[in-house]
Amino acid sequence: TAIGNEPCEPGPVHTEAPEYPREELNNGITGTVVMLLLTNNCGEVRQVLIEKKSGNRTMDRAAVESARHWRIDVHAERDPNQHFHWIRAPISFHL
């Protein structure tokens, strides 16, 4: 089934922040990763791409892994003729 044409049930928005990687936290390493998220009409994330890396592979992976489980409110940007949505999502790891 193509993304967007798949059956899905609307549910609550869920965008839990990723866990700050322990070693990076202990060493004071910060950064921001910008992701592009492909969602279906129910806001379920179906694909995650990194648009801009944070400069730290572990933080990038933590952000991507967290985003894979998100459900985003796509109704504000919904086009009735579009069955999927690309959304830009920056995640900052700062102390």
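That block above? That's the structure.
None of these values were measured; they are calculated from a predicted model. Throughout, a residue's number is its position along its own chain's written sequence, starting from 1. Local features in this predicted model are restricted to residues of pLDDT 70 or higher, and side-chain atom pairs are both shown and tallied only at a pLDDT of 80 or more, whereas totals for entire chains, interfaces and linings draw on every residue. The side-chain figures draw on all heavy atoms in the structure; neither hydrogens nor water molecules are used.

A.B. asks: Looking at this structure, how should I read the packing of aromatic side chains?
C.D. replies: Here a ring pair, both rings aromatic, is described through the centre-centre distance and the interplanar angle of the planes. Any Phe, Tyr or Trp ring, taking Trp's six-membered ring, that has another such ring centre within 6.5 Å forms a pair; planes under 30 degrees apart are called stacked, those over 60 apart edge-to-face, and the others tilted. Evaluation of the coordinates by the stated rule reveals one aromatic pair. Residues Tyr-20 and Phe-93 carry aromatic rings whose centres are separated by 5.3 Å and whose planes lie at 80° to one another, so their mutual orientation is edge-to-face. Of the two residues, Tyr-20 sits in the segment before helix 1 (22-26) while Phe-93 sits in strand 3 (residues 84-93), which places them 73 residues apart along the sequence. The exposure class of Tyr-20 is buried, given its relative accessible area of 16%. Starting at the N terminus, helices and strands are each numbered in turn, a helix being any DSSP run of H or I of at least four residues and a strand any DSSP run of E of at least two. Only protein chains enter the calculation, and the probe is 1.4 Å; a residue is then buried if its accessible area is under 20% of its type maximum, exposed if over 50%, and partly exposed in between.

A.B. asks: Sorry, what's going on with the pairing of strand 1 (residues 31-40) here?
C.D. replies: Looking along a regular strand, one sees the side chains alternate between the two faces of the sheet. The element strand 1 is extensively covered by neighbouring structure, given that eight of its ten residues are classed as buried. Pairing of strand 1 with strand 3, which is carried by ten bridges, proceeds in the antiparallel orientation. The residue bridging Asn-40 from the neighbouring strand is Phe-84, located in strand 3. One bridge is not enough; two strands pair if DSSP finds at least two bridges between them. Inspection of the sheet shows strand 1 paired to strand 2 (residues 45-52) by six bridges, in the antiparallel sense. Considered in strand 2, the bridge of Leu-36 is made with Leu-49.

A.B. asks: Got a minute to help me understand helix 2 (residues 57-67) in this structure?
C.D. replies: In an α-helix, one turn spans 3.6 residues, which is why side chains three or four residues apart end up on the same side. Here helix 2 has its buried residues at Met-59, Asp-60, Ala-62, Ala-63, Val-64, Ser-66 and Ala-67. For helix 2, the elements touching its buried residues are helix 1, strand 1, strand 2 and strand 3. Between the side-chain oxygen of the N-cap and the backbone nitrogen of Thr-58 there are 3.0 Å, and the N-cap of helix 2 in question is Asn-56. Throughout, a residue-residue contact means that at least one pair of heavy atoms, one from each residue, lies within 4.5 Å. Under this definition, polar contacts are N or O atom pairs within 3.5 Å; protein pairs additionally need one hydrogen-donor-capable and one acceptor-capable atom, and for neighbouring residues in sequence, both atoms have to be side-chain atoms.

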